[in-house]
Amino acid sequence: MVYVSRKEHFNAAHKLYNPNWSDEKNQEVFGPCANANWHGHNFELITTVKGLPDPDTGFVVDLKELSVLIKNEVIEKLDHKNLNIDVDFMQGKMASCEILVMEIWKILAPKVNEITKEGGLYSLKLYETPRNFVEYFGE
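In this report, the structure presented in the accompanying data block is examined.

1. Topic: the overall build of the chain
Within the chain, the secondary structure is distributed over 3 helices and 5 strands. The secondary structure elements of the chain, listed N-terminal to C-terminal, are β-α-β-α-β-α-β-β. Taking the principal axes of the C-alpha coordinates as reference, the chain spans close to 60 × 25 × 25 Å. For the chain, the proportion of its 139 residues judged to be buried stands at 41%. The long-range share in the chain, meaning contacts at least 24 apart out of those at least 6 apart in sequence, stands at 67%. Carbon and sulfur atoms make up 50% of the accessible area of the chain, which totals about 8,000 Å². Charged side chains in the chain number 15 positive and 21 negative. The centres of these two groups are separated by 1 Å.

Printed below as a string of structure tokens:
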């Protein structure tokens, strides 16, 4: 089995805030991430496709096609946006990296299946900072 990855970048703002809690509890749980004026990150999204190489091309997935797919379906919707306000698929959801990566999976998994014969989406890794990231396997 071969695992092929593509890294894309986007910038976005968000805040972590539970509207069912008081401002004090939000501050206690989320700290500076509950800032009323938002805060931003330089995100890195690594998309990994798992499969067998196509005998005609030698590719598990055409990385150019994968890049275009990620940019059109995800990056354009997230880049320079406020995750809490501007992103349709995040409406009414906590704008944590954990929730965001799960929502991105829902978008990409069926689309990746359309561009690879013998593979599928294996994992998404979303870096919020160089030291903080989440990884999701669709489970």
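2. Quick look at the pairing of strand E2 (residues 39-51)
The two faces of a sheet get side chains in turn, since along a regular strand they alternate between them. Pairing of strand E1 (residues 2-14) with E2, which is carried by 13 bridges, proceeds in the antiparallel orientation. The residue bridging Ala 12 from the neighbouring strand is His 41, located in E2. As paired strands, E2 and strand E4 (residues 119-127) are joined by 8 bridges and run antiparallel to one another. Along E4, the bridge assignment pairs Thr 47 with Leu 124.

3. Remarks on the packing of aromatic side chains
Evaluated as defined, the whole model comprises 6 aromatic pairs. Seen in terms of ring centroids, Phe 10 and Phe 43 are 4.8 Å apart; in terms of plane orientation they differ by 10°. Their pairing is stacked. Residue Phe 10 is located in strand E1, and its partner Phe 43 is located in strand E2; the two are separated by 33 residues in the primary sequence. Taking relative accessible area as the criterion, Phe 10 reaches 0% and is therefore assigned buried. According to the relative accessible area criterion, Phe 43 is buried, its value standing at 0%. Here Tyr 122 and Phe 137 contribute two aromatic rings whose centre-to-centre distance is 5.3 Å and whose plane-to-plane angle is 75°, an arrangement assigned as edge-to-face. Pair noted here: Tyr 122 is in strand E4 and Phe 137 is in the segment after strand E5 (133-136), with a separation of 15 residues, a long-range link.

4. What to know about the pattern of salt bridges
Applying the stated criterion to the full structure yields 4 salt bridges. In this structure, the salt-bridge partner of Arg 6 is Glu 8, at a minimum N-O distance of 2.8 Å. Taking the relative accessible area as the measure of exposure, Arg 6 reaches 28% and is therefore partly exposed. A relative accessible area of 7% means that Glu 8 is categorised as buried. Across the salt bridge formed by Glu 103 and Lys 106, the nearest N and O atoms sit 2.9 Å from each other. Pair noted here: Glu 103 and Lys 106 are both in helix H3 (residues 97-115), with a separation of 3 residues, about one helical turn.

Cut-offs used in this document
- Every chain begins its residue count from 1, and numbering advances along the sequence as written.
- Reporting of local features is limited, given that this is a predicted model, to residues whose pLDDT is at least 70; pairs of side-chain atoms are given and counted only at 80 or more, and all residues count toward the totals for whole chains, interfaces and linings.
- Excluded from the side-chain calculation are hydrogens and water; included are all heavy atoms of the structure.
- Each helix corresponds to a stretch of at least 4 residues labelled H or I by DSSP, and each strand to a stretch of at least 2 residues labelled E; elements are numbered beginning at the N terminus.
- For the exposure calls, accessible area comes from a 1.4 Å probe over protein chains only, and a residue counts as buried if that area is under 20% of its type's maximum, exposed if over 50%, partly exposed in between.
- Whether two residues are in contact is decided by their heavy atoms, any of which lying within 4.5 Å being enough.
- Only the protein chains shown count as cover for residues, and all accessible areas are computed by the Shrake-Rupley method using a 1.4 Å probe.
- For the charge count, each Lys or Arg is scored as positive and each Asp or Glu as negative, with His and the chain ends excluded.
- To locate a charge, take atom NZ for lysine, CZ for arginine, CG for aspartate or CD for glutamate.
- When DSSP locates at least two bridges between a pair of strands, those strands are taken to pair.
- We call Phe, Tyr and Trp rings a pair once their centres come within 6.5 Å, taking the six-membered ring for Trp, and we label the pair stacked below 30 degrees between planes, edge-to-face above 60, and tilted otherwise.
- A pair is scored as a salt bridge if a Lys or Arg side-chain nitrogen falls within 4 Å of a carboxyl oxygen belonging to Asp or Glu.

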